[in-house]
Amino acid sequence: MNMDTMLFIWLGIVIVTLVIEIITQGLTTIWFSIGGAVSALLTIWDVPVWIQIAVFAGVSILIMLLVRPVAKRIMSPSITPTNIDQLIREEGFVLEEIDNSRETGKVRLRGIEWMARSADGEIIPAGVNVSIKSIEGVKLIVKGK
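Residues numbered from 1 in each chain as written. Predicted model: local features only at pLDDT ≥ 70, side-chain atom pairs only at ≥ 80, totals over all residues. Heavy atoms only, no water.

Caption draft 1: Representation of helix H1 (residues 3-24) in the model. Between its first and last C-alpha atoms H1 spans 32 Å; for 22 residues at 1.5 Å apiece the expected length is 32 Å, and the two agree. Turning to H1, its buried residues number three or more, namely Met6, Trp10, Val14, Thr17 and Glu21. Down the axis of H1, the sector holding all buried residues measures 80 degrees, keeping them to one side. Opposite its buried face, H1 presents the exposed residues Phe8, Ile15, Ile22 and Ile23, each directed more than 90 degrees away. On its buried side, H1 packs onto helix H2 (30-44) and helix H3 (49-75). Sitting at the head of H1, asparagine 2 places a side-chain oxygen 3.3 Å from the backbone nitrogen of aspartate 4. The first or second residue beyond H1 is glutamine 25, which carries a positive phi of 50 degrees. (Helix = DSSP H or I, 4+ residues; strand = E, 2+ residues; numbered from the N terminus. Expected span 1.5 Å × (residues − 1). Buried < 20%, exposed > 50% of the residue type's maximum accessible area, 1.4 Å probe, protein only. Arc of directions from axis to C-beta. Contact = heavy atoms within 4.5 Å. Polar contact = N/O pair within 3.5 Å; in protein donor to acceptor, adjacent residues only side chain to side chain.)

Caption draft 2: Representation of the nonpolar core within the structure. Ranked by size, the top nonpolar core spans 12 residues in total: Leu87, Val94, Ile98, Val107, Leu109, Trp114, Ala116, Ile124, Val130, Ile132, Leu140 and Val142. Elements with a minimum of two residues in this core: strand S1 (91-99), strand S2 (104-109), strand S3 (112-118), strand S4 (129-136) and strand S5 (139-144). Aside from chain neighbours lying at most four places away, what touches tryptophan 114 is Ile84, Leu87, Gly105, Lys106, Val107, Leu109, Val138 and Leu140. (Core = buried A, V, L, I, M, F, W, Y, C linked by side-chain atoms within 4.5 Å.)

Caption draft 3: Spatial organisation of the side chain of glutamine 52. Looking at the secondary structure, you find glutamine 52 in helix H3. Within the local environment of glutamine 52, its side chain forms a polar contact with the side chain of tryptophan 10, the two groups lying 2.7 Å apart. Discounting chain neighbours no more than four positions away, the residues touching glutamine 52 are Met6, Trp10, Ser39, Leu42, Thr43 and Val47.

Caption draft 4: Quick look at a nonpolar patch on the surface. Side chains of Ile15, Val19 and Ile23 sit close together on the surface and give an oily, nonpolar patch of about 310 Å² of accessible area. With respect to the helices and strands, isoleucine 15 occurs in helix H1. (Patch = residues over 30% accessible without salt bridge, like charges linked within 9 Å, V, L, I, M, F, W, Y side chains within 5 Å. Areas by Shrake-Rupley, 256 points an atom, 1.4 Å probe, with all protein chains shown as cover. Salt bridge = Lys/Arg side-chain N within 4 Å of Asp/Glu carboxyl O.)

Caption draft 5: Focus on the environment of valine 59. Looking at the element boundaries, valine 59 is found in helix H3. Taking the C-alpha atoms as reference points, valine 59 and isoleucine 135, separated by 76 residues in sequence, lie 48 Å from one another. If sequence neighbours within four positions are ignored, valine 59 has contacts with Ile34, Gly35 and Val38.

Caption draft 6: Just H3, in detail. Taken as a whole, H3 carries its principal kink of about 40 degrees at valine 67; the proline proline 69 stands between one and four residues after it. Among the residues of H3, those classed as buried are Gln52, Phe56, Val59, Ser60 and Ala71. Taken together, the buried residues of H3 touch H1 and H2. (Bend = angle between axes of the 7 residues up to and from the residue.)

Caption draft 7: Region of interest: the packing of aromatic side chains. Evaluated as defined, the whole model comprises 2 aromatic pairs. On the numbers, 5.1 Å between centres and 40 degrees between planes, the contact of tryptophan 10 with phenylalanine 56 is tilted. Here tryptophan 10, found in helix H1, pairs with phenylalanine 56, found in helix H3; they are 46 residues apart in sequence, far enough to count as distant. By relative accessible area, which is 4% here, tryptophan 10 ends up buried. (Phe/Tyr/Trp six-rings, centres within 6.5 Å; stacked < 30°, edge-to-face > 60°.)

Caption draft 8: Region of the structure containing the side chain of threonine 17. Residue placement: threonine 17 occurs in helix H1. The residues contacting threonine 17, other than those within four sequence positions of it, are Thr29, Phe32 and Ser33.

So, in structure tokens, the structure goes:
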């Protein structure tokens, strides 16, 4: 193949992989864009095709192995627990019978009254302790002890 053909092939690889990366935004093809760009430079310098292909594969793999873990860590959203998350697994006291079908139920937790619903649909009588399983909006989802 002549130099012009190879240059267009490498630039085509760069463009296609960049478009895929822009669409997916998942760090899936950017490595091949970089490898293609390096190989396009080698084409301009009239390096043999087999070396261009080897460099394309090597650069793409090397950059993916070195940069991807760091980039994923930086780009991935970290989940920051809030104060409300600290309530899960704590114990509350039922002030009003919890009945999901009647949409009733109140629990006192840390001195505050909360609306409550049963996690498994059981009716939980007033005057017992419950374990907080989750929080949905302003309601505690609880399980009887």
